[in-house]
Amino acid sequence: MNRIKALAFDLDGTLMPYGYDKISDETVAILNSLKNDYRLFLVTGRFVLDLDDVKKISFDMIIANNGQILVDNTGQREVNRLDKNDIINLIEYLKQRSIPVTVYEEDFCYLTAVNKRAELFYNTFDISMPPLKDEITDINKIVMMTVFAEEKEIAPVLEMMTETKAVVWNGLSIDLVPLYSDKGHALIKAAARLAIKGEEILCFGDGDNDISMFKVCGYSCAMADGNELLKKTATVVRSNIIEGLKYFKIINEEKK
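Every value quoted in this text rests on a predicted model; they were computed, and no experiment measured them. (Residues numbered from 1 in each chain as written. Predicted model: local features only at pLDDT ≥ 70, side-chain atom pairs only at ≥ 80, totals over all residues. Heavy atoms only, no water.)

Remarks on the packing of helix H2 (residues 84–97) against helix H4 (residues 151–160)
Here's step 1: Where H2 meets H4, the axes come as close as 9 Å, and the angle between the chain directions of the two elements is 155 degrees. With respect to H4, the axis of H2 lies roughly antiparallel. Viewed along their axes, H2 and H4 form a crossing whose handedness is right-handed. Facing Asp86, Asn89, Leu90, Tyr93 and Leu94 of H2, the residues of H4 in contact are Glu153, Ile154, Pro156, Val157 and Met160.
Here's step 2: Taken together, the residues that form the contact of H2 with H4 break down as seven nonpolar, one polar and two charged. (Axes fitted to C-alpha atoms, helices over the stretch in contact; angles between N-to-C directions. Helix = DSSP H or I, 4+ residues; strand = E, 2+ residues; numbered from the N terminus. Parallel < 35°, antiparallel > 145°, perpendicular 65-115°, else oblique. Left-handed = near helix turned anticlockwise from the far one by under 90°. Contact = heavy atoms within 4.5 Å. Nonpolar A, V, L, I, M, F, W, Y, C, P; charged D, E, K, R; others polar.)

Here it is, written out as structure tokens:
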């Protein structure tokens, strides 16, 4: 068995169970107690500007927007952007069908319109709704787009977007990211900076956007109420991250 050198955590549904608006004090304390023995990575679909609560934890690297933005503990960033031609195709398609989308740039995000899906999304995940902006004006800065529609509604335009793929982690929206960019790719890139291999990482997640991360890590723990396909790829399934950390002997009973 390879020694585990790093721990990687999804946020919503994993570090922060659904129905909660913050990471528990117990979880914060446990993760910070592991800082001297393990490298810590946060790997989330959220926008980097929505992550104030995670500043309580000493992460070595934060991977946001499903792998689009990497931020190290000095604040240095690496950014991936969407293909311009794909964005042009998408904008016209969504406009004709009045489908709202949240547009993420490196330091700013905005929402083109509001529908019931968008309202429920921001209320469910306790995220402040971005400002409204009718037109998408600068396609050169876009790192990710979140479409508030069912997959079947945007399937025709996805077929035309040759450099983009859809990532789903909830039932309300679809994240669009570059074809060769996801949580798994980004985590391996971030870990390599610290001389850590994928087989030396233990990761935790709950959604199907975590599958790429599970595939590149040596060990994985899926949340019991998580995505069924993800659970099939996991080393183990546990009710929460604390139980997972105990299973892999990262913490003992005294630290529960």
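Points about the pairing of strand S8 (residues 142–147)
Successive residues of a regular strand alternate their side chains across the two faces of the sheet.
Here's step 1: Among the six residues in S8, six count as buried, and that is most of the element.
Here's step 2: For strand S6 (residues 101–105) and S8, the ladder comprises five bridges, and the chain directions are antiparallel. Bridge pairing in S8 places Val103 opposite Met145.
Here's step 3: Bridge count between S8 and strand S10 (residues 174–178): three bridges; the pairing is antiparallel. In the sheet register, Val147 faces S10, and the bridge partner there is Ile174. (Buried < 20%, exposed > 50% of the residue type's maximum accessible area, 1.4 Å probe, protein only. Pairing = 2+ DSSP bridges.)

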